[in-house]
Amino acid sequence: MTHAKATLLLPARNRFPNGALPAQVANALGRADHSEGEAGEPAQLRRHFDVRPQAWSAAALTRQHDANDAGDSLWLRADPANVAPDMQGARLMASAETLRLEQDDVDALVPALQPLFAGFGFRLDAPTPSRWYLRLPDDTPLPAFAAPETVLGDDLFEHLPEGEHGRRWRSLLTEAQVLLHQHPWNEQRSAQGKRPVNSLWFWGAGRLPGSVQTGHAQVRSRDALLQALAQLAGVRVDGEHAVDALVDLRQLRSLEQLTRDAITPLLDAIARGELRELRLDFEDGAQYRIHRGQRWRFWKKPLATLAND
């Protein structure tokens, strides 16, 4: 029997429609070893990567992935964003990759914003159109910043950095919004039916971690942060053969696609002896460990739905 195993990195269970599970999947999950861990993306990634120091920075990690120059510098993501006003204030509607920016957008907007930050000793640049960065002086005091996935669709002002250290960043955000609102490039984008880049979102502050380790031999993901963690851990990214692989499926929203295209083929591989173990890790903290020996657990009831555990 092979020693290969696979782990699926999945979104929270409530992201999937609450439908009935196919019999094969329902039986496997009902007989699986089930545990509950901490919810949220950072906790989910820490289950698979040992990062030291533990207060790792998404900005520094993705900067290393994008430009290979993170070094010992202090980094902050200053991602392009789109906000929409409403009766209560403004909502973050899109940021970073979801805006689908191109190099022309960077060439038009980043130079217009750079003088705003230069006066504080900050340098703004964009090694890739979807991810913008500020390199900060080492002694820059920083507040707590909210990750964009926690803000998306929500009232922007409820997630702005607080306190004395946050005041500067609230002011910079307002000034950046004014500059972007007045920029003719955004008029052109709006005329083309594209979302204007009318805001930034600051997040992910910190430095590159000293070490990253993982028990996986391979990571398969399109996500820059996950790719950066894999590269620093020295494991293969998106190789051809999934041996002891961590497979990132957090973009899935279809229960049918999850069960038919992802879980069922791996259950068949376990039945054939081609896969030793399958782990499912949901962002809400739910985890399932499935292996061939569990087929004898006849007393275990099938799991009717993902929410029914």
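Residues numbered from 1 in each chain as written. Predicted model: local features only at pLDDT ≥ 70, side-chain atom pairs only at ≥ 80, totals over all residues. Heavy atoms only, no water.

### Thoughts on the overall build of the chain
Thought 1: A count of helices and strands for the chain gives nine helices and 14 strands.
Thought 2: Its C-alpha atoms put the chain at 65 × 45 × 35 Å along the principal axes.
Thought 3: Residue burial in the chain is summarised as follows: out of 309 residues, 50% are buried.
Thought 4: Summarising the internal contacts of the chain: among those between residues at least 6 apart in sequence, 71% fall at separations of at least 24.
Thought 5: Taken together, the 36 basic and 40 acidic charged side chains of the chain have centroids lying 7 Å from each other. (Helix = DSSP H or I, 4+ residues; strand = E, 2+ residues; numbered from the N terminus. Buried < 20%, exposed > 50% of the residue type's maximum accessible area, 1.4 Å probe, protein only. Contact = heavy atoms within 4.5 Å. Lys, Arg positive; Asp, Glu negative; His and termini not counted. Charge placed at Lys NZ, Arg CZ, Asp CG, Glu CD.)

### Points about the pairing of strand S6 (residues 123-128)
Consecutive side chains along a regular strand alternate between the two faces of the sheet.
Thought 1: Relative to strand S7 (residues 131-136), S6 is paired through four bridges, and the arrangement is antiparallel. Bridge assignment links Arg123 to a residue of S7, and that residue is Arg135.
Thought 2: Connecting the antiparallel pair S6 and S7 is a turn made up of two residues. (Pairing = 2+ DSSP bridges.)

### Let's talk about the confidence of the model for the chain
Thought 1: Here the chain shows a mean pLDDT of 91. Residues at 70 or above account for 97%.
Thought 2: Within the chain, the lowest mean pLDDT, 84, falls on strand S11 (residues 236-237), and the highest, 98, falls on S7. (pLDDT = per-residue confidence, 0-100.)

### Observations concerning the pattern of salt bridges
Thought 1: Counted under the stated rule, the structure contains 25 salt bridges.
Thought 2: Measuring nitrogen to oxygen at the nearest pair gives 3.2 Å for the salt bridge that ties Arg13 to Asp284. Here Asp284 lies in the loop between strand S13 (277-282) and strand S14 (286-291) and Arg13 lies in the loop between strand S1 (5-10) and helix H1 (23-31), a separation of 271 residues in the sequence.
Thought 3: Classification of Arg13 as buried rests on a relative accessible area of 15%.
Thought 4: On the basis of relative accessible area, Asp284 is assigned to the partly exposed category, the value being 22%.
Thought 5: The partner of Arg250 in a salt bridge is Glu41, and the shortest N-O contact between them spans 2.9 Å. (Salt bridge = Lys/Arg side-chain N within 4 Å of Asp/Glu carboxyl O.)

### Some points on helix H8 (residues 224-233)
Thought 1: Judged by how many residues are buried, H8 sits mostly within the fold: eight of ten residues are covered.
Thought 2: When we look at burial in H8, the residues that qualify are Ala224, Leu225, Leu226, Gln227, Ala228, Leu229, Ala230 and Ala233.
Thought 3: Residue Asp223 occupies the N-cap position of H8, its side-chain oxygen lying 3.2 Å from the main-chain nitrogen of Leu225.
Thought 4: Looking at the residues trailing H8, positive phi occurs at Gly234, about 75°. (Polar contact = N/O pair within 3.5 Å; in protein donor to acceptor, adjacent residues only side chain to side chain.)

### Section: the sheet that holds S14
Thought 1: Pairing is mixed across the open sheet formed by seven strands, whose spatial order is S2-S14-S13-S1-S12-S10-S11. Since the sheet does not close on itself, it has two edges, and those belong to strand S2 (33-36) and S11, each with one partner.
Thought 2: Packed on one face of the sheet, helix H9 (residues 255-271) meets S1, S13 and S14 and runs near 150° to S13. (Axes fitted to C-alpha atoms, helices over the stretch in contact; angles between N-to-C directions.)

### Digging into the side chain of Asn198
Thought 1: On the secondary structure map, Asn198 appears in the loop between helix H7 (184-191) and strand S8 (199-206).
Thought 2: Among all residues touching Asn198, those that are not within four sequence positions of it are Ala81, Asn82, Val83, Gln177, Leu180 and Asn186.

### Topic: the nonpolar core
Thought 1: Ranked by size, the top nonpolar core spans 55 residues in total, and within it Phe117, Trp132, Leu134, Trp169, Leu200 and Phe202 carry the most contacts.
Thought 2: One finds Ala4, Leu21, Ala262 and Ile270 within the second-largest nonpolar core, a separate group that totals 31 residues. (Core = buried A, V, L, I, M, F, W, Y, C linked by side-chain atoms within 4.5 Å.)

### Overview of the packing of helix H3 (residues 58-67) against H8
For any two helices packed against each other, one specifies the inter-axial angle together with the distance between the axes.
Thought 1: Packing of H3 against H8 brings their axes to within 8 Å, and their N-to-C directions diverge by 75°. Judged on the interaxial angle alone, H8 and H3 are roughly perpendicular. Between H3 and H8, the residues in contact are Ala58, Leu61, Thr62 and His65 and Ala224, Leu225, Gln227, Ala228, Leu229, Gln231 and Leu232, respectively.
Thought 2: Per-class residue counts for the contact of H3 with H8 are seven nonpolar, four polar and no charged. (Parallel < 35°, antiparallel > 145°, perpendicular 65-115°, else oblique. Nonpolar A, V, L, I, M, F, W, Y, C, P; charged D, E, K, R; others polar.)

### Some words on helix H6 (residues 163-182)
Thought 1: Across its 20 residues, H6 extends 29 Å between first and last C-alpha, which sits within 8% of the 28 Å expected from 1.5 Å per residue.
Thought 2: Three or more residues of H6 are buried, namely Gly166, Trp169, Leu172, Leu173, Ala176, Gln177 and Leu180. The buried residues of H6 all sit within an arc of 140° when viewed along its axis, so they share a single face. Facing away from the buried side of H6 by over 90 degrees, the exposed positions are Glu164 and Gln182.
Thought 3: Where H6 is buried, its residues contact strand S4 (74-85), helix H4 (103-118), S7, H7 and S8. (Expected span 1.5 Å × (residues − 1). Arc of directions from axis to C-beta.)

### Topic: the environment of Ala55
Thought 1: Relative to the helices and strands, Ala55 is located in the loop between strand S3 (50-52) and H3.
Thought 2: Since its relative accessible area comes to 70%, Ala55 is described here as exposed.
Thought 3: In sequence terms Ala55 and Glu149 are 94 residues apart; their C-alpha atoms lie 18 Å from each other.

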